[in-house]
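Remarks on the overall topology
Each chain, written out:
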Amino acid sequence: MTAVEEKPATLQIGQPRKRKEDRHLITGRTTWCDNMVLPGMLHLAILRSPMAHATITSIDTTEAKTRPGVVAVYTGQDFKDTQGNLPCAWPVTPDMVNPGAPSLAVTQVNHVGECVAVVVARTKAAAQDALEGIDVEYEPLPAILDMEDAIKEGSPLVHPNTASNKSYTWAFEAGAAGTGAPIDDALANAEVTVKRRFIQQRLIPAFMEPRSTVVQPIGEGVLVHSATQIPHILRTMLALTLGIEEQKVRVVAPDVGGGFGGKIPVTPEEVITTLVARKLNKPVKYTESRSESLMSAHHGRDQIQDITITAKRDGTVTGLDVHLLADMGAYLRLVGPGVPILGAFMFPAIYKIPAYRFVCDGIFTTKTATDAYRGAGRPEATYAIERIMDELAAELGMDPMELRRKNWITHEEFPYTMVAGLTYDSGNYEAATDKALELIGWDELRAEQKQRRESNDPVQIGLGISTFTEMCGLAPSRVLGSLAYGAGGWESASVRMLATGKVEVVTGASAHGQGHETAFSQIVADQLGVAFEDVEIIHGDTQSSPKGLDTYGSRSLAVGGIAIVKATEKVIEKARKIAAHLLEANEDDLDFAAGSFSVKGSPGSAVSIGEVAFATFMAHNLPDGVEPSLDSDAVYDPENFSFPHGTHLCAVEIDTETGFTKIRKYVCVDDIGNPINPMIIEGQVHGGLAQGIAQALFEEAVYDDDGNLTTGTFVDYTLPSAADLPSFVTDRTVTPSTSNPLGVKGVGEAGTIASTPAVINAVVDALRQYGVNDIQMPATPERVWRAIHGGDTASGGGGAHRAEGGTNAYGGASTSTSDGANS
């Protein structure tokens with residue numbers, strides 16, 4: 001449930017309008033790539049490596065070529081001179097090692113599921129069946145799965161053309177300098193030091209629609225339909241990778257069934273399908289199976305986080321030291337190296353931390369490559385800081401909420417430049433927290449928790465907190481350039497006024513479920529004073545929408561939406577000149593409101609923007625020198641990120657006899673600036689919560705010792721269903737962003753970023769009385785039970801009884817130091 005602000009009926013912004021997109025989705029009139037059928041279209045199937053690491057000694061395709069319906073069979077040798085390497089657009093350091101990533105393996109495979117050969121046939125079934133006729137001989141190489149082992153002296157190399165398995169080291173340090181390095185001062189002079197190792201397990205985006213690509217050769221170019229988040233970037237990258245002139249590449253993202261970052265990279269399958277279609281001069285389709293998707297589409301997270309926090313005895317945080325190992329997998333994908341670097345700016349979160357160091361090593365292993373997954377670096381950072389704040393509170397014997405209040409930025413201090421260099425423009429952490437505490441009934445739950453502990457109830461209660469912020473609207477371009485990001489952060493929009501007063505809006509943002517058509521229509525309706533129903537949003541096709549940087553990083557509204565606002569402002573200014581001429585008035589004497597130009601002091605003398613549009617189309621009576629068009633373009637590059645924030649609170653019940661964890665109540669109060677559509681906001685928050693909670697309790701991509709993915713189906717990779725989740729209590733506070741004219745911030749990733757630490761903090765809170773100070777995610781019943789009974793080395797302690805000697809006011813085992821001595 002949520003509290004929705006009442007808005008005047010004449011305004012669209014702030015109204016929970018039903019989504020325009022849904023009619024064709026729920027009536028089966030969608031255009032998915034896999035639904036497409038073109039004349040003479042062929043189908044492609046891919047033979048994938050069963051080995052995690054091996055040399056290809058031979059490939060025999062003779063039998064496959066004789067199978068019924070088979071048109072061609074190709075291996076990496078056929079394309080070794082034309083396929084290039086898959087692009088990595090984020091070389092995070094000048095010396096970053098990128099060994100190259102062929103779409104189709106030539107001499108070596110480096111993860112299970114890597115593309116080895118392709119069959120092209122007249123039907124999908126024939127192509128799939130013919131894969132059995134390909135005989136590949138492999139010479140096994142050692143599987144390299146553990147990041148710490150991978151960088152040890154003498155470790156086998158993933159890639160023979162590298163000197164080690166380390167791709168890069170990226171370091172950042174900031175703070176008020178003392179006698180030495182700021183963080184070293186904090187570590188040396190700390191009254192209290194708490195160190196923890198947190199594991200961010202590997203996750204799979206698991207979008208609803210598997211990836212699919214249809215490529216049609218057209219002359220010297222190609223028309224590519226792909227289930228992608230990035231049609232504009234894909235166009236540029238295909239041109240660069242394959243040497244096709246960019247103006248001859250058209251990319252269309254039709255209906256796309258979810259992405260969550262999983263459809264950001266330029267994929268091997270997109271490149272292979274394009275190569276095959278051009279070689280045969282025939283349209284070719286490839287659609288992956290679900291098992292292929294889970295095995296070979298990129299994964300997310302997978303970090304080892306070593307976190308040290310220092311503080312005074314009164315709870316004032318004095319320093320934060322972060323060291324990460326980030327698993328790149330076998331290859332560097334489009335923005336994979338930069339994902340943990342995004343998190344570098346978010347570890348200090350909402351806290352006034354005076355000294356900070358961040359060091360990240362990117363490591364190659366023989367696993368599927370990692371790249372952006374919902375939140376992309378920010379969930380990992382938020383998890384670490386919110387967990388370590390709870391651990392510091394336990395060490396100090398402080399209430400974890402009071403510790404946060406003592407250290408966070410107060411609302412009077414905005415704008416605030418935090419230690420990592422970002423300037424937070426607005427926020428009110430106190431208001432969001434107070435509302436969340438009231439909604440969950442925090443004091444009553446604490447009292448019940450105390451009663452259950454005293455009575456040794458087999459079902460114990462834990463309460464978890466996550467007070468977070470995030471950087472949204474991946475931009476500005478200059479900041480991205482300073483981080484060596486291979487693109488800008490701007491977004492493009494065009495607004496076209498038709499003769500009948502209808503409006504066409506072309507946006508470079510490309511939707512895949514977010515509700516762009518609805519939210520953007522609401523913005524335009526209010527800006528121009530036209531009917532919501534009279535606005536048409538055009539997107540996802542590089543021919544009709546030739547400029548754009550697409551959709552990721554919660555940037556669609558905060559960047560793409562503002563570009564639309566800027567374009568509508570230009571439309572109004574063009575229309576003002578013509579309206580003044582029609583009304584025989586000076587431009588400066590006109591007011592524009594509710595879609596109408598009126599003469600100041602003479603409200604009866606007015607003309608609507610629709611009437612101006614028609615007069616412009618007719619061009620019979622225009623001012624001298626004014627062209628007959630109101631159409632306007634804008635490109636918006638923000639000066640700053642936007643910074644949504646919120647407080648998420650979780651109450652869990654843990655059955656100590658079985659280890660089963662049930663979320664009893666989950667409350668979140670988010671501040672996303674001014675809301676555009678409360679219903680869409682609710683959908684985004686609910687979906688994000690489901691994914692964040694899934695990381696905490698359910699999901700994990702697991703490899704065996706040979707590098708085989710053992711969670712390659714939905715039987716083993718446990719996505720939660722609605723039955724596994726509670727009814728969420730959601731609400732909002734509003735502190736408008738000051739960096740854009742709509743005052744918006746972004747919401748697409750908030751739920752995912754905040755919820756994981758809230759849940760795990762609640763689990764650890766319930767278990768701390770047993771000496772447990774951490775539990776590895778996902779907190780499955782087995783792991784929880786073992787933590788309670790002392791059988792889980794990943795639990796940070798544990799036993800059947802309360803810890804003795806090293807306990808604190810919250811029952812936690814101390815592994816920290818005070819005044820430089822063991823506590």
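See the structure above.
The structure displayed is predicted, hence computed values, not measured ones. (Residues numbered from 1 in each chain as written. Predicted model: local features only at pLDDT ≥ 70, side-chain atom pairs only at ≥ 80, totals over all residues. Heavy atoms only, no water.)

1. Quick word on the overall build of the protein chain
Selection criterion: Put simply, DSSP marks the helices as runs of H or I at least four residues long and the strands as runs of E at least two long, and each gets a number from the N terminus on. Here the globule rule is a power law, 2.2 Å times the number of residues to the power 0.38, and the radius of gyration is based on C-alpha atoms. Throughout, a residue-residue contact means that at least one pair of heavy atoms, one from each residue, lies within 4.5 Å. We get accessible surface area from the Shrake-Rupley algorithm with a probe of 1.4 Å; when it comes to residues, only the shown protein chains can shield them. When charges are counted, Lys and Arg contribute as positive and Asp and Glu as negative, whereas His and the chain ends are disregarded. The atom standing in for a charge is NZ when the residue is Lys, CZ when it is Arg, CG when it is Asp and CD when it is Glu.
Summing up its helical and strand segments, the protein chain has 21 helices and 30 strands in all. Here the protein chain has a C-alpha radius of gyration of 28 Å; the compact-globule value for 823 residues is 28 Å, and the two agree. Principal-axis analysis of the C-alpha atoms places the extent of the protein chain at approximately 90 × 80 × 55 Å. In the protein chain, the share of contacts with a sequence separation of at least 24, taken over all contacts with a separation of at least 6, comes to 79%. Summing over all exposed atoms, the protein chain offers an accessible surface of approximately 30100 Å²; the carbon and sulfur share of this is 51%. Computed over 67 positive and 103 negative side-chain charges, the inter-centroid distance for the protein chain is 2 Å.

2. What to know about the pattern of salt bridges
The condition that has to hold: Should a side-chain nitrogen of Lys or Arg be within 4 Å of a carboxyl oxygen of Asp or Glu, the pair is scored as a salt bridge. Burial classes follow relative accessibility: with a 1.4 Å probe on protein chains only, a residue under 20% of its type's maximum area counts as buried, one over 50% as exposed, and anything between as partly exposed.
A complete count under the given rule lists 50 salt bridges for this structure. Residues Arg357 and Asp321 are paired through a salt bridge, measuring 3.0 Å at the closest nitrogen-oxygen approach. With Arg357 in strand S15 (residues 355-364) and Asp321 in strand S14 (residues 317-329), this pair connects stretches of sequence that are 36 residues apart. Of the two residues, Arg357 and Asp321, both sit in the buried class. Residue Arg405 is joined to Asp434 by a salt bridge in which the shortest nitrogen-to-oxygen separation is 2.9 Å. Taken together, the residues Arg405 in helix H12 (residues 400-407) and Asp434 in helix H13 (residues 429-440) connect sequence positions 29 residues apart. With a relative accessible area of 25%, Arg405 lands in the partly exposed category. Judged by relative accessible area, which is 42%, Asp434 ranks as partly exposed. A single network of salt bridges, built from pairs that share partners, joins Arg48, Arg211, Glu269, Glu288 and Glu292.

3. What to know about the environment of Asp671
We apply this condition: In the analysis that follows, any N or O atom pair within 3.5 Å is treated as a polar contact, provided that within protein one partner can donate a hydrogen and the other can accept it, and provided that, for residues neighboring in sequence, both atoms belong to side chains.
In this structure, Asp671 sits in strand S27 (residues 661-671). The exposure class of Asp671 is buried, given its relative accessible area of 0%. Along the backbone, Asp671 and Ser737 are 66 residues apart, and their C-alpha atoms lie at a distance of 10.0 Å. Excluding residues within four positions of it along the chain, Asp671 makes contact with Pro644, His645, Gly646, Thr733, Val734, Thr735 and Lys745. Side-chain polar atoms of Asp671 contact the backbone nitrogen of Gly673, separated by 3.2 Å.

4. Looking at a nonpolar patch on the surface
Put simply, the test is: By definition, no residue in a patch forms a salt bridge, and every one has over 30% relative accessible area; like charges are joined within 9 Å, nonpolar side chains (Val, Leu, Ile, Met, Phe, Trp, Tyr) within 5 Å.
Residues Phe614, Phe617 and Met618 make up a contiguous nonpolar surface patch of roughly 310 Å² in combined accessible area. When you line up the elements, Met618 lands in helix H18 (residues 609-618).

5. Details of empty space enclosed by the protein
Filter applied, for reference: Detection works on a 1 Å grid of protein atoms alone, calling trapped sets that fit a 1.4 Å probe cavities and calling open sets with protein on both sides within 12 Å along at least five of seven lines pockets, with lining residues defined by an atom within 4 Å of a point. Grid points are joined across faces, edges and corners, and a volume is the space filled by probe spheres set on the points. Gly falls in the polar group here, along with every residue not listed as nonpolar (Ala, Val, Leu, Ile, Met, Phe, Trp, Tyr, Cys, Pro) or charged (Asp, Glu, Lys, Arg).
A full pass over the atoms with the stated rule returns six cavities of 30 Å³ or more. Considering the residues around the largest cavity, the lining is formed by 20 residues, among which His111, Pro268, Glu269, Ser296 and Arg333 are closest to the centre. Counted by class, the lining of the largest cavity contains seven nonpolar, eight polar and five charged residues. Lining the second largest cavity are 14 residues; nearest its centre among them are Arg211, Ser212, Ala227, Thr267 and Glu270. Of all the secondary structure elements, the ones that give two or more residues to the lining of the second largest cavity are strand S9 (212-218) and helix H8 (268-280).

6. Quick look at the sheet that holds strand S5 (residues 115-121)
Inclusion rule: A strand pair is defined by DSSP finding two or more bridges across the two strands. Only the stretch in contact is used when a helix axis is fitted, and all axes are lines through C-alpha atoms; the angle between N-to-C directions ranges over 0 to 180 degrees.
Taken in spatial order, the seven strands of this open sheet run S3-S5-S1-S12-S9-S10-S11, and their pairing is mixed. The two strands at the open ends of the sheet, each matched to only one other strand, are strand S3 (70-75) and strand S11 (249-252). With direction set aside, neighbouring strand axes in the sheet form an average angle of 20°. Taken together, the two bridges between strand S1 (residues 42-48) and strand S12 (residues 284-287) define a ladder with parallel strand orientation. From the neighbouring strand, His43 faces S12, where its bridge partner is Lys285. Here helix H7 (residues 231-242) sits on the sheet in contact with strand S10 (221-226) and S11, set at roughly 150° to S11.

7. Description of the nonpolar core
To be explicit about the condition: Here, nonpolar core means buried Ala, Val, Leu, Ile, Met, Phe, Trp, Tyr and Cys residues that are tied together by side-chain atoms lying within 4.5 Å of each other.
Grouped together as the largest cluster of nonpolar side chains are 145 residues, with contacts concentrated most on Phe347, Phe358, Tyr666 and Leu767. The biggest single contributor to this core is helix H11 (residues 378-396), with nine residues. The next biggest cluster of nonpolar side chains, apart from the first, holds 43 residues, and it includes Ile13, Leu528, Val535 and Ile609.

8. Topic: the sheet that holds strand S22 (residues 590-593)
Here three strands make up an open sheet; going across it, the order is S22-S23-S24 and the pairing antiparallel. One side of each edge strand has no neighbouring strand; the edge strands of this open sheet are S22 and strand S24 (602-608). The average angle at which neighbouring strand axes cross in this sheet is 30°, direction not considered. Two elements, S22 and strand S23 (residues 596-599), share four bridges in a ladder whose sense is antiparallel. Across the sheet, residue Asp591 finds its bridge partner in S23, namely Ser598. Docked against the sheet, H18 engages S22, S23 and S24, running at close to 50° with respect to S24.

9. Things to note about the side chain of Arg196
Position of Arg196 among the secondary structure elements: in strand S8 (residues 192-203). Of the polar contacts made by the side chain of Arg196, one reaches the side chain of Glu391; its length is 3.0 Å.

10. Side note on the packing of helix H16 (residues 516-528) against helix H17 (residues 556-583)
In plain terms, the rule: Throughout this description, any angle smaller than 35 degrees is read as roughly parallel, any larger than 145 degrees as roughly antiparallel, any in the 65 to 115 degree range as roughly perpendicular, and the remainder as oblique. Helix crossings get a hand from a simple test, with the near helix turned counterclockwise from the far one by less than a right angle marking a left-handed crossing and a clockwise turn marking a right-handed one.
Between H16 and H17, whose axes approach to 10 Å, the crossing angle comes to 30°. Here H16 is positioned roughly parallel relative to H17, judged by the angle of their axes. In terms of crossing hand, the pair formed by H16 and H17 is right-handed. Contact residues: H16 offers His516, Phe520, Ile523, Val524, Gln527 and Leu528, while H17 offers Ser556, Leu557, Gly560, Gly561, Ile564, Val565, Thr568, Glu569, Val571 and Ile572. Grouping the amino acids of the contact of H16 with H17 by side-chain chemistry returns nine nonpolar, six polar and one charged.

11. Examining H8
For clarity, the threshold we go by: A helix's residues, less one, multiplied by 1.5 Å, set its expected span.
In a regular helix each residue adds 1.5 Å, so 13 residues correspond to 18 Å; H8 covers 18 Å between its end C-alpha atoms and thus fits that length. Most of H8 is tucked away, with ten of its 13 residues classed as buried. Where H8 is concerned, the buried positions are Pro268, Glu269, Glu270, Val271, Ile272, Thr273, Thr274, Leu275, Val276 and Ala277. Two residues or fewer past H8, Asn281 is found with a positive phi of approximately 55°.

12. Re the layout of surface pockets
Computed from the structure, the second largest pocket encloses a volume of approximately 560 Å³. Lining the second largest pocket are 21 residues, with Leu145, Asp146, Asp302, Lys367 and Glu700 positioned closest to its centre. When contributions to the lining of the second largest pocket are tallied by element, the ones reaching two or more residues are S8 and strand S13 (300-311). It is S8 that contributes the most residues to the lining of the second largest pocket, five residues altogether. Among the residues forming the lining of the second largest pocket, the class breakdown is seven nonpolar, four polar and ten charged.

13. Structural notes on the packing of aromatic side chains
To keep things clear, this is the line we draw: For Phe, Tyr and Trp, rings pair up if their centres lie within 6.5 Å, where Trp contributes its six-membered ring, and each pair is then called stacked (planes under 30 degrees apart), edge-to-face (over 60) or tilted (otherwise).
Scanning the entire structure with this criterion turns up 16 aromatic pairs. When the ring of Trp170 is compared with that of Phe172, the centres are 6.3 Å apart and the planes differ by 10°; the resulting orientation is stacked. Judged by its relative accessible area of 11%, Trp170 is buried. Ring geometry for Phe414 against Tyr429: centres 5.6 Å apart, planes inclined by 80°, an arrangement best described as edge-to-face. Here Phe414, found in the loop between H12 and strand S16 (416-417), pairs with Tyr429, found in helix H13; they are 15 residues apart in sequence, far enough to count as distant. A single burial state applies to Phe414 and to Tyr429, both of which are buried.

14. Observations regarding the environment of Asp302
Assignment of secondary structure puts Asp302 in strand S13. Residue classification places Asp302 among the buried positions, given a relative accessible area of 10%. On a C-alpha basis, the gap between Asp302 and Ala511 in space is 27 Å, while along the polypeptide they are 209 residues apart. If sequence neighbours within four positions are ignored, Asp302 has contacts with Met147, Gln200, Gln201, Arg202, Leu325, Ala326, Asp327, Lys367 and Thr370.

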